[in-house]
Amino acid sequence: MAYYFLVAQLPYLSAQAQKPPMTAEAFRAMCAEHLTARELAELDKLDPGYRFGEEKAGDQGSGFFAAWQKREADLEYAMAKLRAAKLKRDMPGEARAVPHEIENEARTAFAMENPLEAELYLDKGRWEFAEALAGLDYFGVNVLYAYRIKLLLLERRQAFQAGEGLTEYEALYEKILKMAPGRAAAGDMT
């Protein structure tokens, strides 16, 4: 189904924007007037509070959602694998293959000293992937799904507080190091 009127009235989004032109909640309200119940449920799955794997058996959603879910799960796994290696721990569960480009993206972000820069780098990859998933049907529902993701990424960026984020990151890292076997010095980050 095409959503000419809805897509045409949406403000342009830029990855470099300091502030989103509307909230993700306001966008959802606009979509609620036009999308089918199934499409709206799919849109809601793209919320950061949604935990992947919560969908019922047989309700895997659209190709957009499946691709988005797989990429996020692969990225999460790749980052966890790097963290485990740094702490000299085994990865729990079964090892699985992750696409090469996702491994490279995770490795690049993991190597960054500044956690904010790493998050912004990962969000840039998410933005680009959302654009790719939107495809060339400029008035189709996938454009709306991608728009929602982009709004959420802009809201997330706006919520970053560099000083508070670094403090939280360091406290979390300290806690992890204290739990790591053979790590007597909490300041040992190598």
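Everything that follows concerns the structure shown earlier in this document.
Residues numbered from 1 in each chain as written. Predicted model: local features only at pLDDT ≥ 70, side-chain atom pairs only at ≥ 80, totals over all residues. Heavy atoms only, no water.

*Asks:* Honestly, the pattern of salt bridges in this entry has me stumped. Any pointers?
*Replies:* Charged atoms that come close allow side chains of opposite charge to pair. Evaluation of the coordinates by the stated rule reveals 12 salt bridges. Across the pair Arg-107 and Glu-103 runs a salt bridge, and its minimum N-O distance is 3.8 Å. Here Arg-107 pairs with Glu-103, and both are found in helix 5 (residues 100–111), just 4 residues apart, close to one helical turn. The class of Arg-107 is partly exposed, set by a relative accessible area of 39%. Residue class for Glu-103 comes out partly exposed when judged on its relative accessible area of 25%. The closest approach of N and O atoms between Arg-156 and Glu-119, which form a salt bridge, is 2.5 Å. Here the residue Arg-156 occupies a position in helix 7 (residues 141–159), and Glu-119 occupies one in helix 6 (residues 115–134), the gap between them amounting to 37 residues. Within this structure, Arg-71, Glu-72, Glu-105, Glu-119, Asp-123, Arg-126 and Arg-156 form a network of salt bridges that share partners. (Salt bridge = Lys/Arg side-chain N within 4 Å of Asp/Glu carboxyl O. Helix = DSSP H or I, 4+ residues; strand = E, 2+ residues; numbered from the N terminus. Buried < 20%, exposed > 50% of the residue type's maximum accessible area, 1.4 Å probe, protein only.)

*Asks:* What's the story with the side chain of Arg-148 in this structure? I'm lost.
*Replies:* With respect to the helices, strands and loops of the structure, Arg-148 is situated in helix 7. Residue Arg-148 is classed as buried on the basis of its relative accessible area, which comes to 2%. The contact partners of Arg-148, leaving out residues within four places of it in the chain, are Ala-24, Phe-27, Arg-28, Leu-43, Leu-46 and Asp-47. (Contact = heavy atoms within 4.5 Å.)

*Asks:* Quick question: what am I supposed to make of the packing of aromatic side chains here?
*Replies:* Pairs of aromatic rings are described using the distance from one ring centre to the other and the angle between the two planes. Evaluated as defined, the whole model comprises 4 aromatic pairs. Sitting over the ring of Phe-65, Lys-45 keeps its end group 4.7 Å from the ring centre. The side chain of Arg-96 reaches across the aromatic face of Tyr-77, ending 4.5 Å from its centre. (Phe/Tyr/Trp six-rings, centres within 6.5 Å; stacked < 30°, edge-to-face > 60°. Lys NZ or Arg CZ within 6 Å of the ring centre and 35° of its normal.)

*Asks:* Is there a simple way to think about the environment of Tyr-147 in this case?
*Replies:* Along the polypeptide, Tyr-147 turns up in helix 7. Overall, the relative accessible area of 8% leaves Tyr-147 in the buried class. Put simply, Tyr-147 and Ala-134 are 13 residues apart on the chain and 8.6 Å apart in space, counted from C-alpha to C-alpha. In this view, Tyr-147 contacts Leu-10, Pro-11, Leu-13, Pro-21, Met-22 and Phe-27; residues no more than four positions away in its chain are not counted.

Structural measurements only, silent on function.
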